[in-house]
Amino acid sequence: MAMTVRVDIVSVEEEIFSGLVELAVFPGESGELGIMPRHTPLLTRIKAGAVRLKIPGEDRFEVVYVSGGMLEVQPHLVTVLADTAVRATGLDEAEALDAKRRAEEALAKRVGAMDFAAAEAELMQTVTQQLQAIKKKKNTVH
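Residues numbered from 1 in each chain as written. Predicted model: local features only at pLDDT ≥ 70, side-chain atom pairs only at ≥ 80, totals over all residues. Heavy atoms only, no water.

### Some remarks on the environment of H39
Working step 1: In this structure, H39 sits in the loop between β4 (31-35) and β5 (42-46).
Working step 2: The exposure class assigned to H39 is partly exposed, which follows from its relative accessible area of 26%.
Working step 3: Counting along the chain gives 39 residues from H39 to V78, while the straight-line C-alpha distance between them is 9.4 Å.
Working step 4: Other than its neighbours up to four places away in sequence, H39 contacts G34, V73, Q74 and P75. (Helix = DSSP H or I, 4+ residues; strand = E, 2+ residues; numbered from the N terminus. Buried < 20%, exposed > 50% of the residue type's maximum accessible area, 1.4 Å probe, protein only. Contact = heavy atoms within 4.5 Å.)

Below, the structure written as structure tokens:
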């Protein structure tokens, strides 16, 4: 049996994932962070993107989209505190594509204050990352 580490991913609303994994990959601010059992303690911020969790005994990764947040790593426990988190299976590709289209149109028109444009740019980035999470989910299912 492979070594495992417990991973808990929670958002403001609910617990999204809690279980044992062989490997967890997080979207770090300077690149991906791969965490395995008995990892050195670490506390860092993560950016919006896909978290990939290698489930023991399975040939697949569970994919969870997070909007960013804090990652705490202990040798036998990894915790993610995110404002928003959703399993990739819960993402709606059509809805994400529509939101991306609306954000691109708003940016093209440059309507409103700079704060609005900045918010739309952030929305577009978030939606793009959600679409990437959907693609990763499609590519990791066997």
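### Side note on the pairing of strand β8 (residues 69-74)
Working step 1: In the sheet, β5 pairs with β8 via five bridges, with the strands oriented antiparallel. Across the sheet, the residue bridging to I46 is G69, located in β8.
Working step 2: Of the pairings in the sheet, the one linking β8 to strand β9 (residues 77-82) comprises six bridges and is antiparallel in character. When the bridges of β9 are listed, G69 appears paired with A82.
Working step 3: The antiparallel hairpin formed by β8 and β9 contains two residues in its connecting segment. (Pairing = 2+ DSSP bridges.)

As far as function goes, none of this settles anything; it's purely spatial.
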